[in-house]
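Chains, contacts and geometry: an overview
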Amino acid sequence: MARAAAVTPAGSPPVPHLTGGGGSGRAEAVLSKLQLLVTRKLDGLLQGDYIGLLPGPGTEAGESREYRPGDDVRRMDWPVTARTTVPHVRRTVADRELETWLAVDLSASLDFGTARWLKRDLVVAAAAAVSHLTVRGGNRIGAVVGTGEGTPVRLPARPGRKEAQGLLRAIVGTRVRPGRSDLGALVDLLNRPPRRRGVAVVISDFLTPPEQWGRPIRKLALRHDVLAIEVVDPRELELPDVGVIALVDPETGELHEVQTADPKLRRRYAEAASAQRTAIAHQLRASGAAHLRLRTDSDWLLDMVKFVAAQRHARTRGTTR
């Protein structure tokens with residue numbers, strides 16, 4: 001995927017980036033502001049009791065509701081059924097002490113952004129939101145970080161807010177090499193060693209062919225609740241009509257000049273991009289993973305809040321995500 005310089009939309013305040021040229025002190029300051037933003041907005045919009053990122057079936061008994069076709073008969077609430085003469089099932093509450101693991105892709109293709117954020121910054125922002133939602137329930141969070149062509153970095157799972165902040169600092173400070181991480185191999189690191197059921201979150205632009213990472217995610221979903229967070233820039237979906245532009249592939253260094261005034265080229269580009277994103281979504285659905293798409297030109301926190309609220313609503317209705 002080609003790289004373009006990040007551009008801040010007219011009328012929007014410039015957003016400081018977490019990566020590149022700012023030094024560790026500046027990155028630390030920006031990360032602190034990001035964590036404060038995440039804390040205030042998520043806690044303000046997600047009110048109520050414990051809210052899991054992916055509320056699964058759990059084991060803790062909850063309230064009863066009427067039976068619906070497709071419900072697990074093993075959860076029948078026979079005492080309530082006998083009293084009301086209407087079949088009821090017992091809801092279960094998601095386990096509170098879970099372990100969440102992140103697979104964070106920091107490939108060179110993420111050094112791209114034409115809107116409010118670079119994709120790499122959005123990856124870190126998503127990791128910050130996930131870590132906040134995890135540790136607020138007393139759970140542990142760890143990560144494996146893809147470093148381009150380098151060896152992935154494993155960060156052990158620990159409970160606590162300070163430990164989660166340390167995890168984010170370690171992700172931001174990870175040295176990334178040129179090239180693309182092997183996303184399939186990165187996801188496979190979450191399968192080893194085998195762990196008790198928990199939550200696995202894969203954060204990437206998923207630009208590698210789906211057949212390379214689809215099977216590892218399917219394997220991961222057999223044991224864990226999996227969330228795939230896909231980061232996208234609008235210029236990856238369509239080209240603007242701005243004449244000749246020079247694009248550099250960050251993974252190979254190759255320079256490409258593109259004549260965007262050609263309507264046929266723009267149409268072919270949009271069709272190819274649409275087919276690519278459709279293939280990604282199809283592979284994620286087939287693997288059983290929940291899918292959240294975050295764009296560099298939208299309110300990513302609001303999108304995440306809507307996603308979490310939808311998961312809670314689905315659990316309340318007894319439906320699957």
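Residues numbered from 1 in each chain as written. Predicted model: local features only at pLDDT ≥ 70, side-chain atom pairs only at ≥ 80, totals over all residues. Heavy atoms only, no water.

All right, on to the overall build of the protein chain then. Secondary structure summary: the protein chain contains 8 helices and 10 strands in total. By the burial criterion, 47% of the 321 residues in the protein chain qualify as buried. Restricting to contacts in the protein chain with at least 6 residues of sequence separation, those with at least 24 account for 76%. When the accessible surface of the protein chain is summed, it comes to about 15,700 Å², and 53% of that surface belongs to carbon and sulfur atoms. (Helix = DSSP H or I, 4+ residues; strand = E, 2+ residues; numbered from the N terminus. Buried < 20%, exposed > 50% of the residue type's maximum accessible area, 1.4 Å probe, protein only. Contact = heavy atoms within 4.5 Å. Areas by Shrake-Rupley, 256 points an atom, 1.4 Å probe, with all protein chains shown as cover.)

A separate point is the sheet that holds strand β10 (residues 290-295). Taken in spatial order, the 6 strands of this open sheet run β5-β4-β3-β6-β7-β10, and their pairing is mixed. Each having just a single partner strand, β5 (153-159) and β10 make up the two edges of the open sheet. Strand after strand, the sheet turns through a mean of 15° between neighbouring axes, direction not considered. Direction of pairing for strand β4 (residues 140-146) relative to β5: antiparallel, over a ladder of 5 bridges. Counterpart to Ile141 in the pairing with β5 is Arg158. Contacting β7 (225-232) and β10, helix α7 (residues 263-287) runs over the sheet at an angle of about 170° to β7. (Pairing = 2+ DSSP bridges. Axes fitted to C-alpha atoms, helices over the stretch in contact; angles between N-to-C directions.)

Contact geometry of helix α6 (residues 210-221) with α7 gives a least axis separation of 8 Å together with a crossing angle of 25°. By the angle between their axes, α6 is roughly parallel relative to α7. α6 and α7 meet at a crossing whose hand is right-handed. Residues Pro210, Glu211, Trp213, Gly214, Ile217, Arg218 and Ala221 of α6 touch α7, and the partners they reach there are Ala279, Ile280, Gln283, Leu284, Ala286 and Ser287. Residue composition of the contact of α6 with α7, by class: 8 nonpolar, 3 polar and 2 charged. (Parallel < 35°, antiparallel > 145°, perpendicular 65-115°, else oblique. Left-handed = near helix turned anticlockwise from the far one by under 90°. Nonpolar A, V, L, I, M, F, W, Y, C, P; charged D, E, K, R; others polar.)

A separate point is a positive patch on the surface. Residues Arg154, Arg192, Arg215, Arg218 and Lys219 make up a contiguous surface patch of positive charge. Looking at which element gives the most residues to the positive patch, the answer is α6, with 3 residues. (Patch = residues over 30% accessible without salt bridge, like charges linked within 9 Å, V, L, I, M, F, W, Y side chains within 5 Å. Salt bridge = Lys/Arg side-chain N within 4 Å of Asp/Glu carboxyl O. Lys, Arg positive; Asp, Glu negative; His and termini not counted. Charge placed at Lys NZ, Arg CZ, Asp CG, Glu CD.)

The next point concerns α6. Across its 12 residues, α6 extends 16 Å between first and last C-alpha, which sits within 8% of the 16 Å expected from 1.5 Å per residue. Residues of α6 that are buried: Pro210, Trp213, Gly214, Pro216, Ile217 and Leu220. On its buried face, α6 is in contact with α5 (183-188), β6 (199-204), β7 and α7. (Expected span 1.5 Å × (residues − 1).)

A few words now on the nonpolar core. Leu34, Leu102, Ile171, Ile229 and Trp300 are the most contacted members of the largest nonpolar core, which has 41 residues in total. Looking at this core element by element, the count peaks at 11 residues for helix α3 (residues 119-135). When residues no more than four places from it in sequence are discounted, the contact partners of Leu102 are Ala127, Val130, Ile141, Gly142, Ala143, Val144, Leu167, Ile171, Leu190 and Val201. (Core = buried A, V, L, I, M, F, W, Y, C linked by side-chain atoms within 4.5 Å.)

This brings us to the pattern of salt bridges. As enumerated under the stated definition, the model contains 12 salt bridges in all. Here Arg197 and Asp225 are joined by a salt bridge, their closest N and O atoms 2.7 Å apart. Of this pair, Arg197 sits in the loop between α5 and β6 while Asp225 sits in strand β7, placing them 28 residues apart in sequence. Assessed through its relative accessible area of 39%, Arg197 is described here as partly exposed. Of the residues examined, Asp225 reaches a relative accessible area of 8% and is grouped as buried.

Scope: geometric values only; no functional claims are made or implied.
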